[in-house]
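A closer look at the structure
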Amino acid sequence: PRIVKLPIGDWTDERDTAYKRWQLSDFDFAEAEAATPRLLDELRPLLEELSGLLRGRRAGDNAPCLNEWGVTMDDIAVLPTLRSLSCVEGVEWPDAVLQYLNQICASAGVATFAEH
C-alpha cells in the first residue's frame, strides 16, 4: 500500500496512482497498513532465513548473492520484493540482507526506497 505514496516518477501523475488502485480494487490498503506490526513480525524470520541463503559473492564488488557462482535469475526474482519492502518503516534487516539489497541496487543504478 505504501509504494503508490512514494514521491517517485512512477506515481507523480495521479492518473497512474488511480490506475494502480483500480488494478488492486479488491485490495484493502487501509487494512494492509493496519496489519503492519503483525506482518513485520512475520517478515523478521523470513529475512533471517534469506540471510542464510546468501551463499555467494559477486565478482568485482564482493556483493552478497544467492548462488556461489554469482548473481543469477534467483537474485533478479528476489531483489524487487526487497526493494519494495525498503519503503516500509520498521523492517528489521539482517546485516547481510541489507548489504545485499544496497550493493546490488547501487550497482544497478537504482535507489532503494529507504529514504522515503
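Remember, predicted model here, so these are calculated numbers, not experimental data.

**Digging into the overall build of the protein**
Within the protein, the secondary structure is distributed over 5 helices and 2 strands. Oriented by its inertia axes, the alpha-carbon framework of the protein measures out at about 40 × 30 × 25 Å. Within the protein, the fraction of its 116 residues that count as buried is 34%. With an accessible surface of roughly 7500 Å², the protein has 54% of that area assigned to carbon and sulfur atoms.

**Some remarks on helix H4 (residues 73-85)**
Under the 1.5 Å per step criterion, the end-to-end length of H4 is 19 Å for 13 residues, consistent within 8% with the ideal 18 Å. The largest bend along H4 reaches roughly 25 degrees and is located at leucine 79, with the proline proline 80 sitting one to four residues downstream. Those residues of H4 lying buried are Asp75, Leu79 and Leu82. Buried residues in H4 make contact with helix H3 (36-53), strand E2 (64-65) and helix H5 (95-108).

**As for unusual backbone geometry**
Excluding glycine, most residues fall at negative phi; most peptide bonds, likewise, are trans. One non-glycine residue, asparagine 62, adopts positive backbone phi at about 65 degrees. Relative to the elements of secondary structure, asparagine 62 occurs in the loop between strand E1 (56-57) and E2.

**A look at the packing of H4 against H5**
Their axes nearest at 10 Å, the elements H4 and H5 cross at an angle of 100 degrees. Taken together, H4 and H5 sit at an angle that is classed as roughly perpendicular. Counting all contacts with H4, which are made through Asp75, Val78, Leu79, Leu82 and Arg83, the residues of H5 involved are Val97, Tyr100, Leu101, Ile104 and Cys105. The residue inventory of the contact of H4 with H5, partitioned by class, reads 8 nonpolar, no polar and 2 charged.

**Looking at the confidence of the model for the protein**
Residues with a pLDDT of 70 or more make up 96% of the protein, whose mean pLDDT is 90. Element-level mean pLDDT values for the protein span from 85 in helix H1 (residues 14-23) up to 97 in H3.

**Some points on the nonpolar core**
Leu47, Leu82, Val91, Trp93, Val97 and Tyr100 are the most contacted members of the largest nonpolar core, which totals 21 residues. Among the elements of the structure, H3, H4 and H5 are those that each provide at least two residues to this core. In this structure valine 97 touches Leu47, Leu50, Ser51, Leu54 and Leu82, once residues within four positions along its chain are discounted.

Thresholds, definitions, all that
The residue numbers shown here count from 1 along each chain, following its written sequence. The model is predicted, so local features are restricted to residues of pLDDT at least 70 and side-chain atom pairs to those at 80 or more, both for listing and for counting; the totals for chains, interfaces and linings are taken over all residues. To get the side-chain values, all heavy atoms of the structure are used, and hydrogens and water are removed first. Counting from the N terminus, the helices are DSSP H or I runs at least four residues long and the strands are E runs at least two residues long. Note on exposure labels: buried denotes an accessible area under 20% of the residue type's maximum, exposed denotes more than 50%, and partly exposed covers the range between, all computed with a 1.4 Å probe on protein chains only. All accessible-area figures derive from a Shrake-Rupley calculation using a 1.4 Å probe, and residue coverage is judged against the displayed protein chains alone. Given a helix with a known number of residues, its expected span is that number minus one, times 1.5 Å. Note that bend, as reported per residue, equals the angle between axes fitted to the 7 residues terminating at that residue and the 7 residues originating from it. Note on contacts: a residue pair is in contact if any heavy atoms of the two residues lie within 4.5 Å. To obtain an axis, a line is fitted to C-alpha atoms, over the contacting stretch when the element is a helix, and the angle between two such axes runs from 0 to 180 degrees between their N-to-C directions. Put simply, angles under 35 degrees are roughly parallel, angles over 145 are roughly antiparallel, angles from 65 to 115 are roughly perpendicular, and the rest are oblique. For this classification, Asp, Glu, Lys and Arg are treated as charged, while Ala, Val, Leu, Ile, Met, Phe, Trp, Tyr, Cys and Pro are nonpolar and the rest, including Gly, are polar. Known as pLDDT, the predictor's confidence for each residue is given on a scale from 0 to 100. As used here, the term nonpolar core means buried Ala, Val, Leu, Ile, Met, Phe, Trp, Tyr and Cys residues forming a set that is joined through side-chain atoms within 4.5 Å.

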